[in-house]
Number of protein chains: 2
Amino acid sequence: MIEAYRQLVKKIQGYEEAIGLMHWDLRTGAPRKAASGRSEVIGMLSGEMFQLQTSDQMRDFIQHLLSTRDKLSQIDVRAVEESERIYKQSKKIPQDLFEKYVTLTAEAESIWEEAKQKHDWEQFAPYLSQIVAFNKQFVELWGYDEHPYDALLDMFEPGMTVAQLNPIFEQLRVETIAILNKINDVNHSLNRSIRKKKIDKEAQMAFSTYMLEQMGYDFDAGRLDYSAHPFATGLNLGDVRITTNVIEDDFTFALFSSIHEGGHAIYEQNISSDLMGTPLCTGTSMGIHESQSRLWENQIGRSRAFWKKYWPIMQSQFPEAFGSEDEEIFYRALNEVKPSLIRIEADELTYNLHILIRYEIEKALIEGSISVDELPRVWDEKYEAYLGVRPSHVGEGVLQDVHWSGGAFGYFPSYTLGNMYASQFISAMYKQIPELDKHIENGELHVITSWLNENIHQYGKLKSPVELIQDVTGEPLNPTYFIQYLHNKYNDIYGV
Amino acid sequence: MIEAYRQLVKKIQGYEEAIGLMHWDLRTGAPRKAASGRSEVIGMLSGEMFQLQTSDQMRDFIQHLLSTRDKLSQIDVRAVEESERIYKQSKKIPQDLFEKYVTLTAEAESIWEEAKQKHDWEQFAPYLSQIVAFNKQFVELWGYDEHPYDALLDMFEPGMTVAQLNPIFEQLRVETIAILNKINDVNHSLNRSIRKKKIDKEAQMAFSTYMLEQMGYDFDAGRLDYSAHPFATGLNLGDVRITTNVIEDDFTFALFSSIHEGGHAIYEQNISSDLMGTPLCTGTSMGIHESQSRLWENQIGRSRAFWKKYWPIMQSQFPEAFGSEDEEIFYRALNEVKPSLIRIEADELTYNLHILIRYEIEKALIEGSISVDELPRVWDEKYEAYLGVRPSHVGEGVLQDVHWSGGAFGYFPSYTLGNMYASQFISAMYKQIPELDKHIENGELHVITSWLNENIHQYGKLKSPVELIQDVTGEPLNPTYFIQYLHNKYNDIYGV
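Residues numbered from 1 in each chain as written. Chains lettered and ligands numbered in written order. Predicted model: local features only at pLDDT ≥ 70, side-chain atom pairs only at ≥ 80, totals over all residues. Heavy atoms only, no water.

Caption draft 1: How the structure looks around the overall build of chain A. Looking only at helices and strands, chain A features 21 helices and three strands. Residue burial in chain A is summarised as follows: out of 496 residues, 57% are buried. The contacts of chain A with a sequence gap of at least 6 include a subset with a gap of at least 24, amounting to 71%. Working note: accessible area of chain A is about 20,300 Å², and carbon and sulfur atoms make up 49% of it. (Helix = DSSP H or I, 4+ residues; strand = E, 2+ residues; numbered from the N terminus. Buried < 20%, exposed > 50% of the residue type's maximum accessible area, 1.4 Å probe, protein only. Contact = heavy atoms within 4.5 Å. Areas by Shrake-Rupley, 256 points an atom, 1.4 Å probe, with all protein chains shown as cover.)

So this is what it looks like as structure tokens:
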């Protein structure tokens with residue numbers, strides 16, 4: 001029976017791979033008129049996949065195999081458990097309810113796009129109200145122990161709860177605002193103009209490619225393309241693709257988004273081939289995934305040690321832009337702290353305040369302590385309170401992110417969880433490799449990649465995030481590593 | 001019931017679209033390590049599609065709908081008939097036999113590739129023997145009226161038979177050799193060096209893009225990419241892609257392969273949207289498809305009228321290569337006749353002799369009048385007799401084409417049928433548009449495209465090739481148009 005189960009999940013993975021390629025293609029280079037027909041095919045194949053995941057055959061496999069789990073390998077047990085999680089999650093929502101929700105969110109995404117552009121809250125609000133209502137219904141159907149938002153958190157970060165996250169995020173909020181206030185008090189001037197040098201597109205892409213190679217991204221098992229919004233997508237272990245976009249007068253966009261997506265992709269390229277064809281052959285949670293991208297993007301990619309190696313190379317690659325510039329000014333410009341309205345443009349410190357605001361709002365919406373109508377006011381007040389800035393319209397405020405229009409409640413915390421996991425991982429890495437800074441200064445980035453492969457990547461979903469962080473660092477998620485990292489970095493730069 | 005049938009065939013088309021995209025991706029830019037996993041997914045989805053095409057549900061739809069055909073639209077009747085053709089073709093081969101054949105041809109293709117490179121006939125011969133034996137078995141299972149090869153011809157050119165093709169091909173062979181002999185007798189010197197100018201890759205691609213736009217290829221419903229071997233693939237009506245390859249010191253390769261594939265693609269882009277989601281939404285036969293590519297590539301793309309418009313543009317685009325060159329020399333170089341060993345490098349006249357040789361050999365193999373062991377000898381003798389050239393090894397002889405290793409017997413005639421259809425179509429076009437040469441000289445190629453859309457493209461598989469050629473030209477396939485075209489062209493160039 002285990003053989004028949006393996007065949008079934010392999011087929012499901014096959015559908016996922018085909019759908020993944022179609023999505024990649026639509027976002028990178030499919031001709032305009034391809035979209036409507038292609039979307040129907042994606043819908044059809046998704047439906048076939050859903051039917052397999054929720055079939056009576058799957059139910060019987062799960063029941064039988066879990067009742068004889070002692071005879072199964074660890075991988076098989078975990079795979080069946082993951083199939084069970086997906087089965088239950090899907091089966092608990094009545095099909096007609098789910099189909100209505102899919103139609104609603106598909107429509108809401110295009111409404112959101114228009115509303116954002118026109119700064120028109122009233123246009124989007126009724127859709128968001130409905131989406132929130134659906135999610136409140138879903139969490140009741142899925143069930144939860146303590147807080148209704150737990151059911152949503154669990155989808156992206158298995159095992160995570162409001163009870164666990166509240167004190168962690170609160171501690172981070174207090175510490176971040178304290179650092180931010182100190183930086184604001186210091187009379188500092190950073191020269192950001194060094195980030196605004198004009199560099200041509202192809203040259204930027206070539207440098208991104210070089211940097212990805214340095215990180216150990218395998219171009220025989222992936223490729224780098226342009227897309228409006230950067231992303232990484234794992235189609236199979238030998239095909240994990242990334243995209244970026246180039247802004248000619250802001251090289252940091254292509255460079256750091258490439259490094260970021262490269263971090264995601266290196267994770268997926270290095271999952272053990274033993275997990276191939278099972279539902280375990282992907283990242284174990286969105287938070288852990290995000291830890292891999294953010295570790296590379298920020299904690300390595302914006303470090304002094306890193307630029308000791310790569311600044312001279314960058315100078316020689318772009319002599320006109322950087323030939324006569326100063327390394328210290330460059331380093332500081334990459335790490336400048338400046339509260340702003342837009343999450344995706346935020347610096348490493350204030351970024352987490354953007355996330356905390358969304359977390360607090362989502363939680364309140366799902367528990368019903370605020371209504372959608374109150375959102376613009378609540379949003380603006382929190383931005384004022386935490387970041388000291390206030391949107392002049394909803395386009396740069398509550399309507400800035402796509403997530404809610406697609407119903408992705410519970411996703412935002414992953415970003416800040418990623419930052420915290422990353423610091424905790426790096427701290428363990430430094431303990432085991434005391435010479436790590438030397439290696440980075442020498443451009444021996446493979447030392448990092450190998451450590452991540454060995455300790456994190458290979459396991460895919462075989463270890464839960466809770467198990468993984470415990471196994472790798474000897475303790476559960478602990479925000480003090482990230483907080484300490486922030487203190488150290490901004491003490492170094494701003495003397496605070 | 002017709003609604004349920006339509007849903008089923010739409011689903012089948014969806015699988016085809018997904019599989020098509022995966023093939024396109026593998027051949028254009030998928031990373032090396034993607035292939036093995038991706039091939040498994042293609043296999044899995046092909047299996048699903050096959051199951052739908054041969055399902056009891058499909059059988060019941062076909063039976064019921066054809067028994068009440070009076071109540072159906074013409075499109076529905078044709079669609080169900082096409083589904084029946086596919087159903088019967090698939091059902092007549094026992095599944096275990098078919099699976100063995102698929103495994104055999106998959107292996108044979110890579111063996112062929114190696115054998116061709118090593119000029120090693122003995123390595124490939126046993127595989128080819130088996131493939132021929134399978135095909136002999138298949139034609140008996142499929143059935144045929146007169147000649148066993150008819151069953152294979154019918155797969156690519158519905159309705160075509162050996163009885164019909166023999167005299168047509170024989171007439172063409174005699175006339176072609178007569179023209180060739182006359183050309184050989186003339187003391188002529190053509191300057192081919194003009195084809196060997198070095199032009200850089202991007203500039204060649206840009207010119208191909210320009211030319212495709214001139215032809216009316218819709219880049220909002222397609223794209224042009226690099227691949228080792230040029231091809232066109234219709235994924236849906238809004239997404240028909242083409243590829244080419246660039247040889248820096250032979251601009252004719254990229255240019256004429258782009259025009260050729262553009263001809264295929266324009267056909268598929270302009271099928272009526274009424275046929276979308278049915279099995280009729282593609283070219284009606286390989287021969288008609290090939291008529292569209294060859295009409296553009298040869299009869300338009302190598303004509304005097306065409307270069308009257310585009311030679312000055314080409315000169316201004318590539319002043320270094322062509323600025324001081326002569327239009328007449330250029331035109332003649334594009335049309336030079338020179339018997340050679342390799343089919344895909346052959347000129348417009350001798351190309352058909354390459355095809356006739358393959359046709360004669362395939363027919364003889366399937367009827368059993370020659371054996372695989374005799375092939376190298378038979379091949380070389382026919383090349384000597386028809387073309388006056390003799391391969392020095394099997395790599396440039398009997399092993400040159402991929403087709404047989406994949407079991408595609410019956411395909412080769414399509415190429416020459418395409419040439420003949422094209423001439424017959426063009427002749428009808430001239431009758432209806434007497435000013436056609438003027439339009440071409442003015443670069444008003446849309447006149448041609450519109451005529452093809454109107455008379456051919458829109459119908460997809462709604463008309464059989466037999467019906468189509470009759471409707472468009474008022475008579476069945478008639479080789480004299482093509483023969484007359486060849487006479488005119490080479491009389492003009494060589495005075496023969």
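Caption draft 2: Seen up close, the interface of chain A and chain B. Taken together, the contact between chain A and chain B spans 34 residues of the former and 34 residues of the latter. Of the roughly 2,600 Å² buried where chain A meets chain B, counting both sides, 51% is carbon and sulfur surface. It is Pro31(A), Lys33(A) and Asp220(A) that lose the most area in chain A upon contact with chain B, and together they represent 18% of the buried surface on that side. Viewed at the interface, chain B and chain A are joined by 14 salt bridges. (Buried area = accessible area lost by both parts, 1.4 Å probe. Salt bridge = Lys/Arg side-chain N within 4 Å of Asp/Glu carboxyl O.)

Caption draft 3: Fine view of the nonpolar core. Among the nonpolar cores identified, the biggest contains 132 residues, and Trp121(A), Phe124(A), Leu295(A), Trp307(A), Phe322(A), Phe425(A) and Ile448(A) are the most heavily contacted of them. By size, the runner-up hydrophobic cluster in this structure holds 131 residues, among which are Leu152(B), Val378(B), Val398(B) and Val447(B). (Core = buried A, V, L, I, M, F, W, Y, C linked by side-chain atoms within 4.5 Å.)

Caption draft 4: Here's a closer look at the relation of the copies chain A and chain B. Expressed as a screw operation, the relation of chain A to chain B combines 0.1 Å of axial shift with a rotation of 180 degrees, fitting to an RMSD of 0.0 Å. Considering both components of the superposition, the chain copies are consistent with a two-fold axis. Every residue of chain A has its C-alpha some distance from the rotation axis, and the shortest such distance is that of Ala18(A), at 3.3 Å. Both copies share a contact surface, since 100% of the interface residues of chain A are interface residues in chain B too. (Least-squares fit on C-alpha atoms with pLDDT ≥ 70 in both.)

Caption draft 5: Spotlight on the pairing of strand β3 (residues 239–244) of chain A. Residues and elements named next belong to chain A. Of all six residues in β3, six are buried; the element is thus mostly enclosed. Going residue by residue along β3, you find Asp 239, Arg 241 and Thr 243 tucked away on one face and Val 240, Ile 242 and Thr 244 tucked away on the opposite face as well. Two strands pair when backbone bridges link them, and strand β2 (residues 232–236) and β3 are joined in this way by four bridges, in the antiparallel orientation. Of the residues in β3, the one forming a bridge with Thr 233 is Arg 241. Remark: two residues form the turn of the hairpin made by β2 and β3, two consecutive strands paired antiparallel. (Pairing = 2+ DSSP bridges.)

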